[in-house]
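Residues per chain are reported as follows:
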Amino acid sequence: MKRIQYARYGGPDGMGLETFNLSALKSNQVAVKVKFAAINPVDWKVRNGDLKIVTGRTFPRAMGCDFSGTVISVGTSVTRFKPGDDVFGLTHVKDCGALGEAVIASETFLAKKPAGVSFENAACLGTPGVTAWNGLIDKAGLKEGQRVFVNGCTGAVGAATVQLARARGATVSGACSAEAVAYARELEVAGIFDYRTTNLAQLRERFDVVYDTAGTMSLAVGLGLLSKGGVFLDIDPTPGKFIRALFDRRLKPIICTARAAILDGLAHAAESGKLRLPISETVPLSEAIPLITALEQGLKLKGKALVAMPD
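These remarks concern the structure in this document. Treat the numbers as computed from the prediction; the structure is a model and nothing was measured.

### Details of the overall build of the protein chain
- When helices and strands are tallied, the protein chain shows 10 helices and 16 strands.
- Its C-alpha atoms give the protein chain a radius of gyration of 19 Å, near enough to 19 Å, the size a compact globule of 311 residues would have.
- The dimensions of the protein chain, computed from C-alpha atoms along their principal axes, are 55 × 40 × 40 Å.
- Counting over 311 residues, the protein chain shows a buried share of 53%.
- For the protein chain, long-range pairs separated by at least 24 residues make up 68% of all intrachain contacts whose partners lie at least 6 apart in sequence.
- Taking the average location of the 37 positive side-chain charges in the protein chain and that of its 29 negative ones, the two points are 6 Å from each other.

In structure tokens form, the structure reads like this:
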């Protein structure tokens, strides 16, 4: 089989489409024949070595986290899936491998794909959906009627955050580019602000939850937008922010952390029509490396980029 992998940490020139064999399954793992994989910024952050404290120095390393497909085989302790099940989910960043014809993932990082959700749409849900859930539900404990501000409300994580927040009965405002305002309106964002022309620090409204899904909002601005008892969710965690969060309970750094209950919740939201991310471009595996490179170098798309695996 083929997958995109690399032999050292570094830039896009290190990626290659190479032959590999699936490793033996651990008892809690599932092997999946991939149909579609979604490209995320974390893919090149891992390859660049930004997370090597987690990923280690064993090579070659495979690329890609988010995918949909059909179960090939399961480990001896797996109870939620069987061969032939259609699934979606993600891999741990330490393992990756979704950008290939087959991948191995933990049972707890997968959910059954609802029949009414396409493989393409299901492949988009993993990292954005889990990250949105980690913030809104795990960290903020979002309740009906609360007010949420999403910085970057039309990006993948931002759009997932808006949709999950609205599904929970929250009122959502957000910032995006002028070009994305039409999509923000489709998402039914109540108050829409152009981040290029609006000084968010001067907004008079206060929010129960502020989620910086773009990773561009300063702590001062984010914390300043909070109402009493509110929380600021920061998608760009640093050691300094984790230390500050120990002393300031309003600050919640977010790390994408999947578990079965979240993936099942995303499946339900997608099945009920409450969660869907737009797809902008789909390429075959043989053409994925140029697209990944272009995205890493700043190509902007109005939706997710997918990689289709050969049948």
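Moving on from the model shown.
### A few points about the pattern of salt bridges
- According to the stated counting rule, one finds 10 salt bridges in the structure shown.
- Across the pair D234 and K241 runs a salt bridge whose closest N-O atoms are separated by 3.0 Å. The burial state of D234 is the same as that of K241; both residues are buried.

### Comments concerning the packing of helix α4 (residues 126-139) against helix α9 (residues 260-271)
- At a closest axis distance of 10 Å, the pairing of α4 and α9 adopts a crossing angle of 105 degrees. Taken together, α4 and α9 sit at an angle that is classed as roughly perpendicular. Residues G126, G129, V130, W133, N134 and D138 of α4 pack against I262, L263, G265 and L266 of α9.
- Taken together, the residues that form the contact of α4 with α9 break down as five nonpolar, four polar and one charged.

### Quick look at the pairing of strand β15 (residues 279-284)
- Judged from the five bridges that link them, β15 and strand β16 (residues 304-308) form a sheet pairing that is parallel. What sits directly across from V283, in β16, is V307.
- Following the backbone out of β15, through helix α10 (residues 288-296) and into the adjacent parallel β16, one traces a crossover that is right-handed.

### Focus: the nonpolar core
- Membership of the largest hydrophobic core comes to 51 residues, with the highest contact counts inside it found for F88, L136, V148, L164, V209, L263 and L266.
- Here this core gets six residues from one element, more than from any other, and that element is α9.
- Excluding residues within four positions of it along the chain, V209 makes contact with L136, A140, L142, R147, V148, F149, V231 and L233.
- Membership of the second largest hydrophobic core comes to 34 residues, among which are V30, C65, V71 and F81.

### Describing the layout of surface pockets
- Volume-wise, the second largest pocket comes out at about 620 Å³.
- Looking at the second largest pocket, it is lined by 28 residues, and the ones nearest its centre are S23, K94, D95, C96 and I104.
- Going through the elements one at a time, β4 (61-62) and β7 (102-106) are the ones with two or more residues in the lining of the second largest pocket.
- Take the lining of the second largest pocket: its biggest share by element is five residues, from β7.
- Per-class residue counts for the lining of the second largest pocket are 11 nonpolar, 11 polar and six charged.

### Focus on the sheet that holds strand β2 (residues 16-19)
- Pairing within the open sheet is antiparallel, and its three strands lie in the order β2-β1-β4. Each having just a single partner strand, β2 and β4 make up the two edges of the open sheet.

Parameters at a glance
- Residues numbered from 1 in each chain as written.
- Predicted model: local features only at pLDDT ≥ 70, side-chain atom pairs only at ≥ 80, totals over all residues.
- Heavy atoms only, no water.
- Helix = DSSP H or I, 4+ residues; strand = E, 2+ residues; numbered from the N terminus.
- Rg over C-alpha atoms; globule rule 2.2 N^0.38 Å.
- Buried < 20%, exposed > 50% of the residue type's maximum accessible area, 1.4 Å probe, protein only.
- Contact = heavy atoms within 4.5 Å.
- Lys, Arg positive; Asp, Glu negative; His and termini not counted.
- Charge placed at Lys NZ, Arg CZ, Asp CG, Glu CD.
- Salt bridge = Lys/Arg side-chain N within 4 Å of Asp/Glu carboxyl O.
- Axes fitted to C-alpha atoms, helices over the stretch in contact; angles between N-to-C directions.
- Parallel < 35°, antiparallel > 145°, perpendicular 65-115°, else oblique.
- Nonpolar A, V, L, I, M, F, W, Y, C, P; charged D, E, K, R; others polar.
- Pairing = 2+ DSSP bridges.
- Right-handed = clockwise from strand over helix to strand, strands pointing away.
- Core = buried A, V, L, I, M, F, W, Y, C linked by side-chain atoms within 4.5 Å.
- 1 Å grid on protein atoms, 1.4 Å probe; cavity = no way out; pocket = protein on both sides within 12 Å on 5 of 7 lines; lining within 4 Å.
- Points joined across faces, edges and corners; volume = space filled by probe spheres on them.

This is a description of form; function is not addressed.
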